[in-house]
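Architecture and fold: a report
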Number of protein chains: 2
Amino acid sequence: MTERLRGVVTPVLTPFTEDLRPDVPRFVAHCQWLLSQDSGLAMFGTTSEANSMAVEERMPLLDAVIAAGCDPARMMPGTGCCSLTDTVRLTKHAVQHGCSGVLMLPPFYYKGVSEEGLYRYFSEVVQRVGDAGLRIYLYHIPPVAVVGITTGLLERLLKTYPGTIAGMKDSSGDWSNTLTFLDAFASSEFDLFSGSETFLFATMRHGGAGCISATANINAAAIHRLWVEWEGPTAEAQQIRLNFVRDTIGKDYPMIPALKSVVGAFRADPAWATVRPPLVALTAEQAIALMAELDYLGFTWPGLIRDE
Amino acid sequence: MTERLRGVVTPVLTPFTEDLRPDVPRFVAHCQWLLSQDSGLAMFGTTSEANSMAVEERMPLLDAVIAAGCDPARMMPGTGCCSLTDTVRLTKHAVQHGCSGVLMLPPFYYKGVSEEGLYRYFSEVVQRVGDAGLRIYLYHIPPVAVVGITTGLLERLLKTYPGTIAGMKDSSGDWSNTLTFLDAFASSEFDLFSGSETFLFATMRHGGAGCISATANINAAAIHRLWVEWEGPTAEAQQIRLNFVRDTIGKDYPMIPALKSVVGAFRADPAWATVRPPLVALTAEQAIALMAELDYLGFTWPGLIRDE
């Protein structure tokens with residue numbers, strides 16, 4: 001079994017060609033760059049527009065990254081779909097590639113489903129994958145999936161599948177929820193990742209494992225630095241600077257198109273801006289304004305903020 | 001091009017085998033019975049647990065129903081997925097089979113998406129399917145999908161794709177919303193179906209086309225009778241009796257497991273009760289209580305309520 005993945009993990013943006021096919025070479029290059037920035041890879045997350053792609057479009061992207069020599073021990077691909085069978089298929093594929101873990105959404109079509117129903121769903125996935133090397137990180141993102149992970153559900157799953165249920169990503173955006181889960185579950189056997197670097201310092205202080213954050217697509221090195229130095233004297237200052245960047249992108253612009261626009265600008269590769277509907281790319285005016293705001297912050301590729 | 005589908009249309013329940021595979025023979029038999037009850041077939045709706053199945057599990061079910069000799073002119077399969085490419089694939093498959101139309105959810109993973117993003121999504125689907133025979137019925141079900149269809153979106157789509165955008169199913173459960181859409185759009189070229197027979201009489205009075213209702217899985221004949229006789233003297237009395245059955249099932253029990261339980265009871269075929277997680281089948285106690293309540297109403301298979 002591979003080592004556990006901790007620290008900064010990026011839900012990798014998925015570049016698309018003009019006719020909206022996943023752009024394999026650009027995707028591989030971005031993954032390689034993220035690894036060089038000390039980030040793990042949670043390809044196929046919300047930021048990746050993964051649910052806007054068919055299962056058959058996702059698997060070749062993972063194949064390509066592995067074929068390019070990237071280390072699967074640094075990967076936890078997103079594999080949770082509405083359909084049990086799709087989830088099992090993607091999870092088996094990731095396990096066969098030797099990925100460190102998988103990031104798993106609950107089935108998100110039906111709302112108001114019971115804890116029992118979710119327990120049965122995850123149980124069925126574990127049993128069908130049937131591999132001792134499987135590590136599942138549950139993905140709690142109620143602002144998008146609406147269906148979430150409760151402490152009761154997690155307790156039951158951990159009791160039945162210790163080791164396999166390896167952790168959780170909390171993208172609730174609600175620190176009190178993250179703290180509840182940290183207090184109840186954080187341990188060397190259960191890794192909690194905050195869903196944004198905004199809570200990285202606080203998460204580490206309370207026994208968490210790191211963060212899995214959209215903004216890491218452009219700022220992984222600086223987030224990683226805080227992860228390494230969180231007990232040091234500059235941690236709070238670093239956190240504040242990270243928040244400036246995060247807020248600049250996420251508060252005034254739609255996060256995914258904004259991040260793609262920034263990657264495109266820094267790489268001088270406007271093709272990066274393409275998104276799949278129902279998302280919509282930034283307008284030219286928005287893209288220019290965003291870069292001006294980042295420039296004002298002193299934000300420079302590859303994601304380092306000038307020290308004051 | 002086939003005739004337009006109007007009247008009662010059933011979002012067909014999907015039976016599963018013990019190991020949770022779609023049960024093709026039971027599915028075909030149920031479709032044949034529904035057609036004999038004067039219902040059209042909207043297989044792969046919410047009631048069908050369609051989003052709990054992979055694309056590869058859905059297509060063979062449609063193939064089997066067609067192969068069994070059922071008339072595609074009586075079908076509008078659900079084809080809307082989160083992924084553009086999945087939606088296009090399922091829609092092409094339905095069009096190639098000569099289905100009267102398709103029932104299309106908006107992409108439902110991302111929340112708070114713009115009207116422009118949804119417009120681009122549906123435009124892309126129409127253009128990629130590229131078939132003059134395509135008829136899309138937009139599927140508005142905000143209690144489940146959260147992402148909905150607005151009047152502004154519909155106006156734009158109808159202007160660009162008249163004929164192709166053929167109608168809508170309104171499962172908002174909100175009569176004032178249905179009335180808004182009926183007043184604005186109902187015509188011989190735009191068929192509005194209410195998402196429940198509860199609003200059938202009112203929908204017909206305001207120029208609608210019929211209803212697409214979960215309960216039609218067990219009560220299609222009686223719902224069809226109201227659709228035929230809605231201008232007659234017993235219409236309101238019929239509506240009240242339909243509501244008794246609907247409310248008995250839907251208010252105290254989870255709708256999909258309850259309907260599967262009733263079908264199983266009437267067919268003396270308990271295998272029908274199986275659902276895919278995250279749904280959970282009724283308990284034995286619930287199943288018995290539900291049948292007692294239906295019996296008290298005088299509800300008898302094949303879905304006729306005794307005349308008083």
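Coordinates for the structure precede this section.
Structure report, in brief. (Residues numbered from 1 in each chain as written. Chains lettered and ligands numbered in written order. Predicted model: local features only at pLDDT ≥ 70, side-chain atom pairs only at ≥ 80, totals over all residues. Heavy atoms only, no water.)

This part is about the sheet that holds strand 3 (residues 102-104) of chain A. Residue and element names in this part refer to chain A. Taken together, seven strands build an open sheet; the order of strands is 2-1-7-6-5-4-3 and the sheet is parallel. Strands at the two margins of the open sheet, each flanked by one partner only, are strand 2 (40-41) and strand 3. In terms of strand pairing, strand 3 meets strand 4 (residues 136-140) through three bridges, oriented parallel. Note on strand 4: the bridge partner recorded for Met104 is Leu138. Against the sheet, helix 9 (residues 216-229) touches strand 1 (7-10) and strand 7 (210-212), its axis set at about 170° to strand 1. (Pairing = 2+ DSSP bridges. Helix = DSSP H or I, 4+ residues; strand = E, 2+ residues; numbered from the N terminus. Contact = heavy atoms within 4.5 Å. Axes fitted to C-alpha atoms, helices over the stretch in contact; angles between N-to-C directions.)

Let's shift gears to unusual backbone geometry. Trans is the prevailing form of peptide bonds, just as negative phi is the prevailing case for residues other than glycine. The step from A:Pro277 to A:Pro278 runs through a cis peptide bond, and the omega angle for that step is 20°. The residue A:Pro278 is located in the loop between helix 11 (255-266) and helix 12 (284-296) in this model. Of note in this structure, B:Phe44 is not a glycine but carries a positive phi near 70°. Take B:Phe44: it is sitting in the loop between strand 2 (40-41) and helix 2 (55-67).

Both copies of the chain are tied together by a single rotation about an axis and a shift running along it. Least-squares fitting of chain A to chain B yields an RMSD of 0.0 Å, with the superposition described by an axial translation of 0.0 Å and a rotation of 180°. Within this description, the copies of the chain are treated as partners about a two-fold rotation axis. Taking C-alpha positions as reference, the residue of chain A nearest the rotation axis is A:Tyr109, located at 4.1 Å. Both copies present the same face, since 100% of the interface residues in chain A are matched by interface residues at the equivalent positions in chain B. (Least-squares fit on C-alpha atoms with pLDDT ≥ 70 in both.)

This brings us to the packing of aromatic side chains. Counted according to the given criterion, the structure contains 19 aromatic pairs over all chains. Judged by centre distance (5.9 Å) and plane angle (75°), the ring pair of B:Tyr137 and B:Phe193 falls under edge-to-face. In this pair, B:Tyr137 is assigned in strand 4 (residues 136-140) and B:Phe193 in strand 6 (residues 191-194), connecting sequence segments 56 residues apart. The two residues B:Tyr137 and B:Phe193 agree in class, both being buried. Seen from their ring centres, B:Phe181 and B:Phe185 are 5.9 Å apart, and the 35° between their planes marks the pair as tilted. Here B:Phe181 and its partner B:Phe185 are both found in helix 7 (residues 175-185), four residues apart, which amounts to about one turn of the helix. A relative accessible area of 1% places B:Phe181 in the buried class. Through a chain of ring-to-ring contacts, the aromatic side chains of A:Phe108, A:Tyr109, A:Tyr110, B:Phe108, B:Tyr109 and B:Tyr110 assemble into a single cluster. (Phe/Tyr/Trp six-rings, centres within 6.5 Å; stacked < 30°, edge-to-face > 60°. Buried < 20%, exposed > 50% of the residue type's maximum accessible area, 1.4 Å probe, protein only.)

Turning our attention to the packing of helix 1 (residues 24-36) of chain B against helix 2 of chain B. Residue and element names in this part refer to chain B. Remark: helix 1 packs on helix 2, axes separated minimally by 9 Å, with the N-to-C direction vectors making an angle of 55°. Judged by the angle between their axes, helix 1 and helix 2 are oblique. Both helix 1 and helix 2 take part in a crossing whose hand is right-handed. Facing Val24, Phe27, Val28 and Cys31 of helix 1, the residues of helix 2 in contact are Leu61, Ala64 and Val65. Within the contact of helix 1 with helix 2, the residues separate by chemical class into seven nonpolar, no polar and no charged. (Parallel < 35°, antiparallel > 145°, perpendicular 65-115°, else oblique. Left-handed = near helix turned anticlockwise from the far one by under 90°. Nonpolar A, V, L, I, M, F, W, Y, C, P; charged D, E, K, R; others polar.)

It is worth spelling out the state of the cysteines at this point. Within the structure shown, the criterion is met by zero disulfides over all chains. The thiol of A:Cys81 is unpaired, and the distance to the nearest cysteine sulfur, on A:Cys82, comes to 7.4 Å. Cysteine B:Cys82 remains unbridged, with the sulfur of A:Cys82 as its closest cysteine sulfur at 5.2 Å. (Disulfide = S-S within 2.5 Å.)

Residues that lie three or four places apart on an α-helix share one face, since the helix turns once every 3.6 residues. Residue and element names in this part refer to chain A. Between its first and last C-alpha, helix 1 (residues 24-36) extends 18 Å over 13 residues, near the 18 Å set by a 1.5 Å rise per residue. Taken together, the buried positions of helix 1 are occupied by Phe27, Val28, His30, Cys31, Trp33 and Leu34. Those residues of helix 1 that are buried are in contact with strand 1, strand 2, helix 2 (55-67), helix 9 and helix 11. The positive-phi residue at the C-terminal boundary of helix 1 is Asp38, with phi of around 70°. (Expected span 1.5 Å × (residues − 1).)

Residue and element names in this part refer to chain B. Along the polypeptide, Ser39 turns up in the loop between helix 1 and strand 2. Of the polar contacts made by the side chain of Ser39, one reaches the side chain of Thr10; its length is 2.6 Å. Once you skip the residues sitting within four places of it in the chain, Ser39 turns out to touch Val8, Val9, Thr10, Leu34, Arg74 and Ala220. (Polar contact = N/O pair within 3.5 Å; in protein donor to acceptor, adjacent residues only side chain to side chain.)

Turning next to the pattern of salt bridges. Tallied over the entire structure, the rule returns 30 salt bridges over all chains. As a salt-bridge pair, B:Asp191 and B:Arg6 come within 2.9 Å of each other at their nearest N and O atoms. Here B:Arg6 lies in the segment before strand 1 (7-10) and B:Asp191 lies in strand 6, a separation of 185 residues in the sequence. B:Arg6 gets classed as partly exposed once you look at its relative accessible area, which sits at 32%. The salt bridge involving B:Asp19 is made with B:Arg21; its shortest N-O contact spans 3.2 Å. Judged by relative accessible area, which is 40%, B:Asp19 ranks as partly exposed. Three or more residues joined by partner-sharing salt bridges are found here, namely A:Arg4, A:Arg6, A:Glu189 and A:Asp191. (Salt bridge = Lys/Arg side-chain N within 4 Å of Asp/Glu carboxyl O.)

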